[in-house]
Every structure is written in structure tokens, then in C-alpha cells.
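# Inside the fold
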Amino acid sequence: MFTRRSAIAALGIGIAGVTVLADAREAPGYDDPDDLYAALRDQPVERIVLPGGEIALVFADGAPGLDRDRVRAWVRDGADAVTRYFGRFPVEHYGLLVIAEDGDKVGHATTFGYAGSATRIHVGRFADRPAFARDWVLTHEMLHAALPDLPRRALWLQEGNATYVEPIARARAGYLAASDVWRQSLAGMPKGEPGPNDGGMDGTKSWARLYWGGATFWLQAEIDIARASAGRHSLQDAMREINRQSGGNNTDWTPEQLMAAGDTATGTDALSRLYARFAGERVATDLDALFASLGVADRDGQVRFDDAAPLAALRRDLTRRARRLA
Ligand SMILES: [Zn+2]
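Here the structure is a predicted model, which is why all the values come from computation and not from measurement. (Residues numbered from 1 in each chain as written. Predicted model: local features only at pLDDT ≥ 70, side-chain atom pairs only at ≥ 80, totals over all residues. Heavy atoms only, no water.)

## Digging into the coordination of the zinc ion
Each protein donor to the zinc ion is listed here as His-140 (NE2), His-144 (NE2) and Glu-159 (OE); together their distances run 2.0 to 2.1 Å. Along the chain, the residues that donate to the zinc ion are spaced as H-x3-H-x14-E. With His-144 in helix α5 (residues 137-146) and Glu-159 in helix α6 (residues 155-172), this pair connects stretches of sequence that are 15 residues apart. For Glu-159, a relative accessible area of 2% gives the class buried. (Donors = N, O, S within 2.8 Å, 3.2 Å for Na, K, Ca; no water. Helix = DSSP H or I, 4+ residues; strand = E, 2+ residues; numbered from the N terminus. Buried < 20%, exposed > 50% of the residue type's maximum accessible area, 1.4 Å probe, protein only.)

## Let's talk about the side chain of Asn-161
Position of Asn-161 relative to the elements: it lies in helix α6. With sequence-adjacent residues up to four places away left out, Asn-161 is seen in contact with Leu-147, Trp-156, Glu-166, Trp-218 and Met-239. (Contact = heavy atoms within 4.5 Å.)

## Digging into the packing of aromatic side chains
Inspection of the entire model under this criterion finds nine aromatic pairs. Consider the rings of Phe-217 and Phe-278, whose centres lie 5.2 Å apart with planes at 80°: the pair is edge-to-face. Of this pair, Phe-217 sits in helix α8 (residues 207-228) while Phe-278 is found in helix α11 (residues 270-280), placing the two residues 61 residues apart along the sequence. As far as the burial class goes, Phe-217 and Phe-278 line up, both buried. Through pairs of rings, three or more aromatic residues link up here, namely Trp-156, Phe-217, Trp-218, Tyr-275 and Phe-278. Across from the ring centre of Phe-59, 4.2 Å away, lies the NZ or CZ of Arg-68, which sits over that ring. (Phe/Tyr/Trp six-rings, centres within 6.5 Å; stacked < 30°, edge-to-face > 60°. Lys NZ or Arg CZ within 6 Å of the ring centre and 35° of its normal.)

Shown next, in the form of C-alpha cells:
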């Protein structure tokens, strides 16, 4: 049930301190993903060609009231961030249905894979340029499209991955400051820590655990890969390999397959080992120690960096500007 039709939604509450409210009453239609695929098939399409793939952009029913140029520029920026991270646009064919709604921000979005990679996203008619520049949702959804679909028990891996990688990809493209990347992690990751009665991550349903507990897993994976490969590899190498082997979210994989594919890229077993631990047993992370090792701290609301910290170089590399490809 979940594997073929599973949907990954950006709930958008709490991440980056931005509250995005989805209001289905304002956007009739397209709740059924079959209607999304029909719209991508039957309505006028604008094609955005990128290295590695293309986006089929559809303004649902013409999306009356939306500034199309602004939307196109925002789609290109999101694609640019994921393209730089993966070295190419990670999906050969990606459908994007933009639905106009009331409001002044980017709203709720959901990504599907069972009939081709596709995202449905709601956009406020009064969203201005800063609102689009602040948006993280579209990049988050494109990151979901880049990885194979997983069974429901592993939803935390998918949400955690998009939560962890999205600010990094945007920073590497120059759309987000490094201090903002770490401000979000400092504020968010503690929310994802297990409570006294929590077990392993597989099957977790708690919002904070899915997003921020999952993000902590991927940050730990980043560190474990760097350590196990003596600094020769990063999570990005694993992500690129997983993307290339799977082709994105219209393929169903197991989490074990995903970890094994990532590990082949780094010549380590870092991902498989970490996954086995987080999935099956309660893992509490000493986040204060972890952030200290990276040289990141919150001092009265300001993010401070310590370049003498043992993993300071890794931290700097994570947000280093990457070459523009498209
Ligand atoms: Zn998501």
C-alpha cells in the first residue's frame, strides 16, 4: 500500500522557523495524485531543460493570479541547488504542478513517484521575491524525487535526508548563509531526540523524529563517512551514487539497498552500520558534543564558529560554494 503510492509531504511546520499552512479548502482538486498526473499529461507544459534531466512545469488551470516569471525563476533556483549537489539534475523527467492559492508564501507540497517523479506544490498569489527566496519547500521536494522510494517504516530516512541536505544544497548554491544552515540544525535537531519510551527509528510516526531525528542521522552519517574514509569521501558521494543507481523516486528500494549503494561510493560500511543501529534501537545523540566537534555554537541567538574545532574543516566544506552547472 505504501510502497507504490507513498507520498512524501513537506509538512513545513517548524523547519527553519517558517510556518507553512496547507489549506485544502482553498485549493480544490488535485488531492488525488491521479489528478496530478492527469494534469501533467493534459495541461499546457513548459519544459525546463537541465543537465541530466528536464522539468515539465504545469500551471494548474493556468494558475490565475500567479506571477509566472517569478515562479519560473524560483523553479530554476531550486533546480540549480539540487543540480549542483548531485552534479546533474537528479531526475530524468520531473513533473511539477504549481497550484495557485490565496496567501503570500509557498505552501504545502507533496512528491509522488509511482507514475513518474512528480511534485504538487501550492503557491500564494501574493508571494513576493523575498518569499520565493526564503522558500525551502521546493528544494526539499526535489531532493525527495532524487532518492528511491522506501517502505513506510523508513520514512524518517527520507524526511531526514531532505531536511539535512536541503539547507546544505541551498548554501552551496549561494541561496542560504552557512550561519543559517547551522542555526536551523542547532534549533531543530534537539527536537528529534528520542524520548524515554522511544525505540529505534524504523516505524516512527512522530513529526519531530521523522524530520529532525532523521536529519541528525544524516549529519552523523556525514561525519562517519568522513572518518571512515580518512576525509576522502562525503555523504554527497554516497547520495550521487544512490541517485545514479536508482534514477530517483519512481524506483522502490529497501533502506538496506540504499545504504549498501551509498557505501560502495565511499568504500566504507559507514551507512549500513549507522542505519542498523538507528533503525533498531534507541539512539540518543550527544548533540552538544557533536556541534562542539564541528565548531558550531549558539551564543545568545548568534551562530558562532570555532575554526579550531576537530571537525571544523568538514563543517566548512559542507557549505562551500559549488560550481554552477545550469
Ligand atoms: Zn518531505
